[in-house]
Amino acid sequence: MTDAEHDPVSELESATWWTRGKAVIIDSALFFGALLVPVLLVVVAVVMAWDEAADEVSFTGASVGLLVVGIISGVGVFVWGGWLFGYRQGVTGTTPGKRRLRIRLVDVASGAAPGGAKGVGRWLGPVLVGGIQGIGNILQLIDILWPLWDSRNQRLIDKVFRTRVVVGSRSPKSIWK
């Protein structure tokens, strides 16, 4: 028996690098659009607190309130991002960008959505590795470019979590599960 006979997703077409890239652009626009409000709140709070004449910062009740609301809402945006682009992608196999471009994430072993833990790992892994200056940034770049020469169009993080991004909506089997 060959690997193709054991692989339930071998007959599925892998999403191209360009299609995956367009989905990331859509998802990034959503995330950074949501992050814009907390950032603006923090900037307004700091500008309100800046005393140009004395060349110092003195926070008042209003500026502290804006700062706290901005920071809390910023944390909320990151939690929402982890839920939408991590956990929910793992459970459903899609993000807003993937749905728009009709691609989905599947587990290599089962052909179904990989599950919340794998979704969070796929989302958080590159973020943590990319946070390491120097070698982490190089690894992140290699991870992003890897599908260009991989026969299954998988990123390195896909290989680690045994997932693939494929073309098409959910299979009839997974709808009725």
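Residues numbered from 1 in each chain as written. Predicted model: local features only at pLDDT ≥ 70, side-chain atom pairs only at ≥ 80, totals over all residues. Heavy atoms only, no water.

(A) How the structure looks around the environment of Gly70. Structurally, Gly70 can be placed in helix H3 (residues 61-92). Residue class for Gly70 comes out buried when judged on its relative accessible area of 3%. C-alpha of Gly70 to C-alpha of Val43: the two residues are 27 residues apart in sequence and 8.8 Å apart in space. Setting aside anything within four residues of it in sequence, one finds Gly70 in contact with Pro38, Leu41 and Val42. (Helix = DSSP H or I, 4+ residues; strand = E, 2+ residues; numbered from the N terminus. Buried < 20%, exposed > 50% of the residue type's maximum accessible area, 1.4 Å probe, protein only. Contact = heavy atoms within 4.5 Å.)

(B) Spotlight on the environment of Val69. Its location among the elements puts Val69 in helix H3. Of the residues examined, Val69 reaches a relative accessible area of 45% and is grouped as partly exposed. Along the chain, Val69 and Leu41 lie 28 residues apart, while their C-alpha atoms are 7.4 Å from each other.

(C) Here's a closer look at the pattern of salt bridges. Tallied over the full model, the rule gives 5 salt bridges. As a salt-bridge pair, Arg122 and Asp158 come within 2.7 Å of each other at their nearest N and O atoms. Pair noted here: Arg122 is in helix H5 (residues 116-130) and Asp158 is in helix H7 (residues 156-161), with a separation of 36 residues, a long-range link. In this pair, the class of Arg122 matches that of Asp158, namely buried. Linked through salt bridges whose partners overlap, the residues forming this network are Arg20, Arg122 and Asp158. (Salt bridge = Lys/Arg side-chain N within 4 Å of Asp/Glu carboxyl O.)

(D) Examining the pairing of strand E4 (residues 163-167) more closely. Burial analysis of E4 places 4 of its 5 residues in the buried class, the great majority of the element. As judged from the 5 bridges shared by strand E3 (residues 103-107) and E4, these two strands associate in the antiparallel manner. Across the sheet, Leu105 pairs through a bridge with Val165, a residue of E4. (Pairing = 2+ DSSP bridges.)

(E) Local environment of unusual backbone geometry. Within the chain, Asn153 stands out as a residue other than glycine whose phi angle is a positive 55°. Mapping Asn153 onto the fold places it in the loop between helix H6 (135-145) and H7. Although it is not a glycine, Arg162 adopts a positive phi angle of roughly 55°. Relative to the helices and strands, Arg162 resides in the loop between H7 and E4.

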